[in-house]
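Per-entry structural report
Chain by chain, the residues:
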Amino acid sequence: MTERITLTGPSDETSDGDRLPPARFALDGQTWKEIAHLLANLPVSIFSFVYVVTLVFTGAGLAVTVVGLPLLAGGLAGARLLGKAERARARALLGVRIDEPSPMPVSGTGFFGWLWSSLKDPVAWRTVLYDFIRLPWGIVTFTVMSVSLFVLWPVLPFIARGLTNVDRAMVRGLLSPSDELERRIAELESDRGVVVDHAAADLRRIERDLHDGAQARLVNLAMGLGLAKEKLLEDPDAAAAMVDEAHGEVKLALQELRDLARGIHPAVLTDRGLNAALSSVASRCTVPVKVSAALETRPAAAIEGIAYFTVSELLQNVSKHSGARSASVDVWRADQRLLIQVWDDGRGGAGLDGGTGMAGLADRLGAVDGLFVIESPAGGPTVITAELPWRDRQDQPSPPAR
């Protein structure tokens, strides 16, 4: 028997399973980012501290002089830029995602409007506080990291994570925008756009009604009176008939102007208040309507007008779309809110997307911090509740007599 002997070379002595892993860093990338952030805290905090002390505190100290307040306002504007840079550094090295605050809202116009807005900017003042307290913390983090890199290497990731968690808390607490404030600013910006759009639509409606209604009738009236003047001597009977026709046109034009004025702001609302105005609206509804307005005092004219036109629009929908046999309107005050509830026993199914103007009403009430709630199951009844902020009516002097 022949024994076969297999020789193995040096390269085959180590199997694939016994090979050493490739050499790599002991710390991952995120830990190195946290270490870099902690080491950079000292130079960044020194620069920010010097800026705050030099510009902001100097401006505050010179506030009694002419240049003091503008210098302070400029320093606060620069503090906003420092806060933006710190948020960017936190996003890049700490993974903290913080939204940028809204641009500084300017109240008023011109230099003094900008000055006053800058001096009361909460974002800038929080950044000033952040930069002021960061210097001691920057010294601590730089010292601890410098020592830990050489002495406490095995526990360095845990030290870096603990220190950067404090940094994350500072950034979130002082440099992040106020959620409630930002939400409110966004709502007000949206509401302002809604108000502007509705005002423009109302102006176009008034212009169209004047052009197509009263203006056209007045033009026909002028032409008719001109023809009657020409026939006055030749054919008095025909001229008298034209004058009678012109008299009828005048009455129709006056009625259209009254209706248009009522659509802008009814006189009964100004003179007698919401209860009488809503009763007048209810009398024109094709469905019997019971009105109850339990108000001891009158709200501000703007709130009163919005309440009137809201009820007017809702009762028009009751007449046109509900198929109801009866309806009711209740108006009352609860604390600092004016509540309106319109009920009908119609077929129901009302909604914001039904093409009945409900969405426009909801937008108008939302523009003044109001609410609009619809409860209208299929088959009815329909209950629509509107809520408006209550503002006391300011007595205004009566117009001079003419």
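So, here is what we can say about the structure in this document. If you're wondering where the values come from, they're calculated on a predicted model, not measured in any experiment.

What counts, and at which threshold
- Residues numbered from 1 in each chain as written.
- Predicted model: local features only at pLDDT ≥ 70, side-chain atom pairs only at ≥ 80, totals over all residues.
- Heavy atoms only, no water.
- Helix = DSSP H or I, 4+ residues; strand = E, 2+ residues; numbered from the N terminus.
- Expected span 1.5 Å × (residues − 1).
- Pairing = 2+ DSSP bridges.
- Axes fitted to C-alpha atoms, helices over the stretch in contact; angles between N-to-C directions.
- Contact = heavy atoms within 4.5 Å.
- Core = buried A, V, L, I, M, F, W, Y, C linked by side-chain atoms within 4.5 Å.
- Buried < 20%, exposed > 50% of the residue type's maximum accessible area, 1.4 Å probe, protein only.
- Polar contact = N/O pair within 3.5 Å; in protein donor to acceptor, adjacent residues only side chain to side chain.
- Phe/Tyr/Trp six-rings, centres within 6.5 Å; stacked < 30°, edge-to-face > 60°.
- Salt bridge = Lys/Arg side-chain N within 4 Å of Asp/Glu carboxyl O.

1. Focus on helix α10 (residues 301-322)
Helix length check: α10 (22 residues) gives 30 Å between terminal C-alpha atoms against 32 Å at 1.5 Å per residue, within 8%. One or two positions beyond α10, positive phi appears at G323, with a value near 70°.

2. Here we look at the sheet that holds strand β5 (residues 382-389)
Within a beta sheet, neighbouring strands are joined by backbone hydrogen bonds and run either parallel or antiparallel to one another. Pairing is mixed in the open sheet, where 5 strands are placed in the order β1-β2-β3-β5-β4. Strands with a single pairing partner mark the edges of an open sheet, and in this sheet they are β1 (289-294) and β4 (371-375). For this sheet the average axis-to-axis angle between neighbouring strands, irrespective of direction, equals 10°. Running at roughly 150° to β4, helix α11 (residues 358-367) makes contact with β4 and β5 of the sheet.

3. Let's talk about the nonpolar core
Core analysis: the largest hydrophobic core is formed by 32 residues, its most contacted members being L315, V331, I340 and F372. Looking at this core, the elements that each hand over two or more residues are α9 (274-283), α10, β2 (327-334), β3 (337-344), α11 and β5. For this core, the leading source of residues is α10, giving 7 residues. Apart from the residues lying within four places of it in its own chain, the contact partners of F372 are L314, L352, M358, L361, A362, L365, I384, T385 and A386. If you look at the next biggest cluster of nonpolar residues, it comprises 17 residues, including L27, L38, L94 and Y130.

4. Some words on the environment of S376
Tracing the sequence through the fold places S376 in the loop between β4 and β5. The buried category is assigned to S376, whose relative accessible area is 13%. Distance in space between the C-alpha atoms of S376 and G351 is 7.5 Å, their sequence separation being 25 residues. Beyond its immediate stretch of four places on either side in the chain, S376 contacts G348, G349, A350, P381 and T382. Engagement of the side chain of S376 in a polar contact is seen with the backbone nitrogen of G349, the distance being 2.9 Å. A distance of 2.7 Å separates polar atoms of two side chains, one belonging to S376 and the other to T382.

5. A short note on the side chain of S48
Along the chain, S48 turns up in helix α1 (residues 29-61). Residue S48 is classed as buried on the basis of its relative accessible area, which comes to 6%.

6. Quick notes on the packing of aromatic side chains
Counted under the stated rule, the structure contains 2 aromatic pairs. An angle of 25° between the planes, with centres 5.5 Å apart, marks the rings of F49 and F132 as stacked. Taken together, the positions of F49 in helix α1 and F132 in helix α4 (residues 122-148) put the pair 83 residues apart, joining distant regions of the chain. Using a relative accessible area of 23% as the deciding quantity, one classes F49 as partly exposed. With a relative accessible area of 35%, F132 lands in the partly exposed category.

7. Remarks on the pattern of salt bridges
Within this structure, the stated rule accounts for 7 salt bridges. Ionic pairing is found between E304 and R298, a salt bridge with its closest N-O pair at 2.8 Å. We classify R298 as partly exposed; its relative accessible area is 27%. In this structure, E387 and R337 form a salt bridge, with 2.7 Å as the shortest nitrogen-oxygen distance. Note that E387 is positioned in strand β5 and R337 in strand β3, a separation of 50 residues in sequence.

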